[in-house]
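Summary of the model geometry
Each chain, written out:
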Amino acid sequence: RKEVEQDPGPFNVPEGATVAFNCTYSNSASQSFFWYRQDCRKEPKLLMSVYSSGNEDGRFTAQLNRASQYISLLIRDSKLSDSATYLCVVNPRGTDTGFQKLVFGTGTRLLVSP
Amino acid sequence: DAGVTQSPTHLIKTRGQQVTLRCSPKSGHDTVSWYQQALGQGPQFIFQYYEEEERQRGNFPDRFSGHQFPNYSSELNVNALLLGDSALYLCASSLAGLTAKNIQYFGAGTRLSVL
């Protein structure tokens, strides 16, 4: 079983739609969680961290369910510029060292059309 | 504030050759991690350097080695290149000693093609 699993998509949605991505992780000791965005042939860029209480940043909402080892990302009112690959990222190590080893899912591709 | 810079941006090598990739971390960062991203896959962790030492290593053979310099910049060396080493190599920098919410920032990567 992969450490981080995502549906690769692609998800094809019209502008203005709401779309949700899900991700599961296998290491129950994982401590920190992120969503990164990667545009075609570019580097990954942090979209948002994911906290147990859930967090929102504008049109983006991230949720973490530790019991189910499940992370989600919701995008409301999709824009053409949201078209990208969304990478679910987990740090499986303990947090006290400050040394992160990020484990990435394969990414979910989103295509927003006019 | 300069971000993470990597060089070269593209590289073409043949099987059996050796390659060195370079990375300068974001200003103020002291930890450098290297990742390999094959086409259609997520990045995979190679190793991480802090205080000029390898602190963590992923599941990569000894052909992959690295170095960190006193100015925190880093090199990734790959010996005896295989066709399967063709990928985007990403460098990420961060600051050690913070909490789990410490963030890694990525450079634009070096695209390596092995023929």
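Up top you'll find the structure we're talking about.
A brief structural summary. (Residues numbered from 1 in each chain as written. Chains lettered and ligands numbered in written order. Predicted model: local features only at pLDDT ≥ 70, side-chain atom pairs only at ≥ 80, totals over all residues. Heavy atoms only, no water.)

Here we look at the overall build of chain A
Operational definition: Strands are runs of DSSP state E lasting at least two residues, helices are runs of H or I lasting at least four, and both sets are numbered from the N terminus onward. The atom set for the radius of gyration is the C-alpha atoms, and the globule formula is 2.2 Å times the number of residues raised to the power 0.38. Partly exposed residues are those whose accessible area sits between 20% and 50% of the maximum for their type, while under 20% is buried and over 50% is exposed, using a 1.4 Å probe and protein chains only. Whether two residues touch is decided by their heavy atoms; if any such pair falls within 4.5 Å, the residues are in contact. For the purpose of counting charges, residues Lys and Arg are taken to be positive, whereas Asp and Glu are taken to be negative. His and the chain ends are not included. In plain terms, the charge of a residue is placed at NZ if it is Lys, CZ if Arg, CG if Asp and CD if Glu.
Tallying secondary structure elements over chain A gives zero helices and eleven strands in all. In chain A, the succession of helices and strands from N to C terminus is β-β-β-β-β-β-β-β-β-β-β. What you see for chain A is a C-alpha radius of gyration of 14 Å, in line with the 13 Å of a compact globule of 114 residues. Summarising its shape, the C-alpha atoms of chain A cover approximately 45 × 30 × 25 Å along the three principal directions. With 114 residues in all, chain A has 46% of them scored as buried. Of all intrachain contacts in chain A linking residues separated by at least 6 positions in sequence, the fraction that spans at least 24 positions is 58%. Of the charged side chains in chain A, 13 are positive and 11 negative; the average position of the first set lies 4 Å away from that of the second.

Re the interface of chain A and chain B
The cut-off we apply is this: Buried area: the sum, over both parts, of the accessible surface (1.4 Å probe) that disappears when the two are put together. The term salt bridge refers to a pairing of a side-chain nitrogen on Lys or Arg with a carboxyl oxygen on Asp or Glu at a separation within 4 Å. Whenever a nitrogen or oxygen atom comes within 3.5 Å of another N or O atom, the pair is scored as a polar contact, on the condition that within protein one atom can donate a hydrogen and the other can accept it, and that pairs from neighbouring residues in sequence are kept only if both atoms are in side chains. Only Asp, Glu, Lys and Arg are considered charged in this grouping, and only Ala, Val, Leu, Ile, Met, Phe, Trp, Tyr, Cys and Pro are considered nonpolar; every other residue, Gly among them, is considered polar.
Counting from both sides, the interface comprises 23 residues of chain A and, opposite them, 27 residues of chain B. Between chain A and chain B, roughly 2000 Å² of surface is buried when both sides are summed, and carbon and sulfur atoms account for 57% of that area. The tally of links between chain A and chain B comes to zero salt bridges. Counting every contact that joins chain A to chain B gives three residue pairs in polar contact (both at pLDDT 80 or more). Secondary structure elements with two or more residues in the side of chain A that touches chain B: β4 (32-38) and β5 (44-50) of chain A. Counting residues per element, the side of chain A that touches chain B draws most heavily on β4(A), at four residues. Looking at the side of chain A that touches chain B residue by residue, the classes come out as nine nonpolar, nine polar and five charged.

A look at the layout of surface pockets
Empty space among the atoms becomes apparent when a probe as large as a water molecule is rolled across them. Which entries qualify depends on this criterion: Site definitions follow a grid-based scheme: protein atoms alone, a 1 Å grid, a 1.4 Å probe that fits but cannot get out for cavities, and for pockets an open set with protein on both sides within 12 Å along at least five of seven lines, plus lining residues having an atom within 4 Å of a point. Grid points are joined across faces, edges and corners, and a volume is the space filled by probe spheres set on the points.
The calculated volume of the largest pocket comes to roughly 520 Å³. A:Gln38, A:Cys40, A:Arg41, A:Thr85 and B:Gly40 are, among the 23 residues lining the largest pocket, the residues nearest its centre. Counting residues per element, the ones that place at least two in the lining of the largest pocket are β9 (84-91) and β11 (108-113) of chain A. At four residues, β11(A) tops the list of elements feeding residues into the lining of the largest pocket. Among the residues making up the lining of the largest pocket, the classes are represented as nine nonpolar, nine polar and five charged. Volume-wise, the second largest pocket comes out at about 390 Å³.

Things to note about the environment of B:Ser7
With respect to the helices, strands and loops of the structure, B:Ser7 is situated in strand β1 (residues 5-7). Spatially, the C-alpha atom of B:Ser7 lies 19 Å from that of B:Phe45, the residues being 38 residues apart in sequence.

With respect to the nonpolar core
Note the cut-off: Residues belong to a common nonpolar core when they are buried Ala, Val, Leu, Ile, Met, Phe, Trp, Tyr or Cys residues joined through side-chain atoms within 4.5 Å.
By size, the foremost hydrophobic cluster in this structure holds 24 residues, and its most contacted members are A:Phe21, A:Trp35, A:Ile71, A:Leu73, A:Ile75, A:Tyr86 and A:Leu110. Contributions of two or more residues to this core are made by β3 (19-25), β4, β5, β7 (60-65), β8 (70-75), β9 and β11 of chain A. Setting aside residues no more than four positions away along its own chain, A:Ile75 makes contact with A:Ala17, A:Thr18, A:Val19, A:Phe21, A:Arg59, A:Phe60, A:Asp82, A:Tyr86 and A:Leu110. The next biggest cluster of nonpolar side chains, apart from the first, holds 20 residues, and it includes B:Leu11, B:Phe64, B:Tyr89 and B:Leu112.

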